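Chain and residue survey
Here's the letter readout for the chains.
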Amino acid sequence: MTGTSTEPADNMPATYPPSADFAATANAGEELYEQANADRLGFWAEQASRLHWSKPWSSVLDWPGNAPDSDYVAKWFVDGELNVAYNCVDRHVEEGHGDQIAIYWEGEPGDSREITYAQLRAEVCQAANYLTELGLRSGDRVAIYMPMVPEAIVAMLACARLGLTHSVVFAGFSPAALRQRVDDANAKLVITTDGQWRRGKAAPLKDGVDEALSQPGHSVEHVMVVRRCGNDVPWTDGRDLWWHDTVAKASDEHSCTGFDAEHPLFILYTSGTTGKPKGIVHTSGGYLTQTAYTHHYVFDHKPGVDVYWCTADIGWVTGHSYIVYGPLANRATQVVYEGTPNFPDEHRHWNIIEKYKVSIYYTAPTLVRTFMKWGHQIPASHDLSSIRVLGSVGEPINPEAWRWYRKHIGADSAPIVDTWWQTETGAIMMSPLPGVTAAKPGAAMAALPGISAKIVDEEGNEFERGGTEANGYLVLDEPWPAMLRGIWGNPQRYKETYWDKYSAQGWYFAGDGARYDEDGDMWVLGRVDDVMNVSGHRISTSEVESALVGHHKVAEAAVVGASDETTGQGIVAFVILKSSAGEAADSLVNELKAHVSRDISPIAKPREIHIVPELPKTRSGKIMRRLLRDVAEGRELGDTSTLVDPKVFEAISAAK
Ligand code: WT7
């Protein structure tokens, strides 16, 4: 666990209460907590009523809890029916907001597009019509492997409209990673683009789909290709289809039907501590309720007034919940950006904020720290006065970055919402509420109204709020509407991963450490398992280890996450070569880094690889990652008494 100090720096306020002006018009008020405490399920029913239901629910929640044979699969808004895409698009057009901009799309090489809700509806209907013509039916799975182009959002919404379950695969993932996800979900269709812009250059993407599908035995019948870059692409007649020849020519009228509240909306893969990535399953009614609710209150979003920008990629859950579903359900006008923060230069984000008058900006601590490194003069040369709420997500935000963010981006007045949640939780679970909470730099503070979280010890005893400030485990002790409904195809793994640790109590174990401060506010400290957090991306040590061992020169590998000033954690690998590998040269280290990058994704590329003669192991053969982390972070070694050979570190240090 990485500790975060609550001690404010000299002359710095420890808390940042809301301004009276902000509080006066804030969506949230103190009474939201009282209301939820008084009647939790009634509270959620009220939140669900913000959506359009084609059939009302008969009961709010059906939860097996920790009954002897519990599968831990909740049903929210039982028997209710709704169409998620109708809620995100058509509804707003029917209510007279067809001309409101839904998406200001800012493309990388200077392209931009404005898409109104009426246009978005037309495009989603066209895609829904064509996907139906292709024979896709409710329950089928569709893989979406696309950069940040509007068609990616259209594709997701078209799936939602038809009851198809999408599985978005981050376009930075390798063909092997795509294939693994396509196979696990048995996807019938892959939607992709010819290429993606990266720093002014077109990088192929469709080629990766071909590579992924080159080995037979997959479930894919068609590959739909959006033309983005105009680069040449290999083509398989009969299987491959251009979007502009098919979807763009379909009728833009489509009437939709409601689906059960528990109909699977999407699968999203995320790394666990062991084995292959887990397909996290999210359903419709509860998920949309909580994403819309949190987007409304946590960001204080005012439809038709605010311009909202979440800088995530749709390949991650943040993009699903806070670019697509939550904001669109709330009739947001939002910026969707295709490129990177420093192309063509380091002014990019501030130019975009100025251009569109962004008022709510949601990003990750790693990016805030990067901006700090680039210098506050860069944002200072822009008019950022439109900003009124700032958000943070992905990892604990260190107080220094928090203060910098507020001062230099938020004109020393915008509230910062530090939002804790996970792919599994589907939506924000903990956060200050702007206009209500006196926020503390670095603290997610408290569970949102309607959510229940606790910090407990190994046995499940709750720490006293405002008591000892000891580190414990974060648990969610009541079901919540956007909670995952399982791991795709693997109910056993679902139970073991999330519910076994506190099976006696029936609590969800989040995998994070946390503590209460002296006021009883919550601080999330980060993962307590072998999951690393690199720039807000979740990567398991075992995934990187198996990629390294997959290289023909590597005999064994151990990977740890070492703290990193910018990325939160950096990946440090210790590798033993096969005797046939020859000399350990720098070129081999680079080759191994490139290998991991190709095998998984550039985000999993180790920061350092040390070629060592041995790895520290216990008598039972377990690698002592804790000690390797000490080495990687340049600390005194902890307790080495359980090692078979404590001298192993002399050799490791010599090699480092
Ligand atoms: C893990 C979940 C949630 C969307 C992006 C990441 C860490 C996330 C915070 C925060 C402290 C945070 C946790 C969590 N995390 N937000 N505000 N404060 N830690 O989703 O890939 O599923 O990762 O990210 O460790 O378990 P994810």
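Structure report, in brief. Computed from a predicted model, the values in this text were never measured in an experiment.

**Some words on the environment of Ile153**
Mapping Ile153 onto the fold places it in helix H6 (residues 150-162). We classify Ile153 as buried; its relative accessible area is 2%. Distance from Ile153 to Lys373, taken between C-alpha atoms, is 33 Å for residues 220 residues apart in sequence. With near-sequence residues (within four places) excluded, Ile153 lies in contact with Ile103, Ile323, Val324, Leu328 and Val336.

**Examining unusual backbone geometry**
Geometrically, the link from Phe343 to Pro344 is a cis peptide bond, its omega value of 0° lying close to zero. Here Pro344 shows up in the loop between strand E17 (333-337) and helix H11 (348-356). Notably, Arg199 is not glycine yet its phi reads approximately 55°, a positive angle. Within the element layout of this structure, Arg199 appears in the loop between strand E9 (195-198) and strand E10 (201-204). Arg199 gets classed as partly exposed once you look at its relative accessible area, which sits at 41%. In this structure, Lys357 takes a positive phi of about 55° despite not being glycine. Structurally, Lys357 can be placed in the loop between H11 and strand E18 (360-363).

**Some thoughts on the sheet that holds strand E4 (residues 101-106)**
Spatially, E5-E4-E17-E16-E18-E19-E20 is the arrangement adopted by the 7 strands of the open sheet, whose pairing is mixed. Only two strands of the sheet have a single neighbouring strand rather than two, namely strand E5 (112-116) and strand E20 (416-419). Each adjacent strand pair in this sheet contributes to an overall mean axis angle of 20°, direction not counted. Where strand E19 (residues 389-393) meets E20, 4 bridges bridge the pair, whose relative direction is parallel. Across the sheet, the residue bridging to Val393 is Thr419, located in E20. In the packing of helix H12 (residues 365-374) onto the sheet, the strands contacted are E18 and E19, and the crossing angle to E18 comes to about 100°. Sitting on the sheet, helix H14 (residues 399-409) is in contact with E18, E19 and E20, with an inclination near 150° to E19.

**Some details on the pattern of salt bridges**
Applying the stated rule across the entire model yields 38 salt bridges. With a shortest N-O distance of 2.7 Å, Arg113 and Glu123 are connected by a salt bridge. With a gap of 10 residues between them, Arg113 in strand E5 and Glu123 in helix H5 (residues 117-133) connect regions that are remote in the sequence. Residue classification places Glu123 among the buried residues on the basis of a relative accessible area of 19%. One connected set of salt bridges, linked through shared partners, spans Lys206, Asp210, Arg239 and Asp240.

**Focus on the nonpolar core**
Core analysis: the largest hydrophobic core is formed by 121 residues, its most contacted members being Leu120, Leu157, Met224 and Tyr325. Among the elements that make up this core, the one with the highest residue count is H6 (10 residues). Dropping the residues within four chain positions of it, Leu120 is found in contact with Val89, Ala102, Ile103, Ile115, Val154, Leu157 and Leu328. By size, the runner-up hydrophobic cluster in this structure holds 43 residues, among which are Leu213, Val534, Ala573 and Val596.

**Some remarks on the sheet that holds strand E12 (residues 240-242)**
On the basis of which strands lie adjacent, the open sheet formed by 7 strands has the order E12-E11-E8-E6-E7-E14-E15 and mixed pairing. If you trace the sheet from one side to the other, it starts and ends with E12 and strand E15 (278-283), each paired once. Strand after strand, the sheet turns through a mean of 25° between neighbouring axes, direction not considered. Summarising the sheet, strand E6 (residues 141-145) and strand E8 (residues 189-193) pair through 4 bridges and their orientation is parallel. Counted as the bridge partner of Ala143 is Val190 from E8.

**Topic: the packing of aromatic side chains**
Any aromatic ring pair is given by two values, namely how distant the centres are and how the planes are angled relative to each other. Taken as a whole and assessed by the stated rule, the structure comprises 39 aromatic pairs. Measuring from ring centre to ring centre gives 5.8 Å for Phe173 and Trp316, while their planes differ by 70°; the resulting arrangement is edge-to-face. With Phe173 in the loop between strand E7 (165-168) and helix H7 (175-185) and Trp316 in the loop between strand E16 (307-310) and helix H10 (317-329), this pair connects stretches of sequence that are 143 residues apart. Summarising the aromatic geometry, the rings of Trp235 and Trp242 are spaced 4.7 Å apart at their centres and angled 20° between planes, so their arrangement reads as stacked. Here the aromatic cluster, defined as three or more aromatic residues joined through ring pairs, consists of Phe43, Trp44, Trp53, Trp57, Trp76, Phe77, Tyr293 and Tyr297. The lysine or arginine in question, Arg181, covers the ring of Phe173, its NZ or CZ lying 4.4 Å from the ring centre. Directly above the aromatic system of Phe509 lies the positively charged group of Lys501, at a separation of 5.3 Å from the ring centroid.

**Details of the environment of Ala155**
With respect to the helices and strands, Ala155 occurs in helix H6. Ala155 sits in the buried class, given a relative accessible area of 1%. When the C-alpha atoms of Ala155 and Ile144 are compared, they prove to be 7.6 Å apart, with 11 residues separating the residues in sequence. If sequence neighbours within four positions are ignored, Ala155 has contacts with Ile144, Ile191 and Trp243.

Thresholds, definitions, all that
- Residues numbered from 1 in each chain as written.
- Predicted model: local features only at pLDDT ≥ 70, side-chain atom pairs only at ≥ 80, totals over all residues.
- Heavy atoms only, no water.
- Helix = DSSP H or I, 4+ residues; strand = E, 2+ residues; numbered from the N terminus.
- Buried < 20%, exposed > 50% of the residue type's maximum accessible area, 1.4 Å probe, protein only.
- Contact = heavy atoms within 4.5 Å.
- Pairing = 2+ DSSP bridges.
- Axes fitted to C-alpha atoms, helices over the stretch in contact; angles between N-to-C directions.
- Salt bridge = Lys/Arg side-chain N within 4 Å of Asp/Glu carboxyl O.
- Core = buried A, V, L, I, M, F, W, Y, C linked by side-chain atoms within 4.5 Å.
- Phe/Tyr/Trp six-rings, centres within 6.5 Å; stacked < 30°, edge-to-face > 60°.
- Lys NZ or Arg CZ within 6 Å of the ring centre and 35° of its normal.

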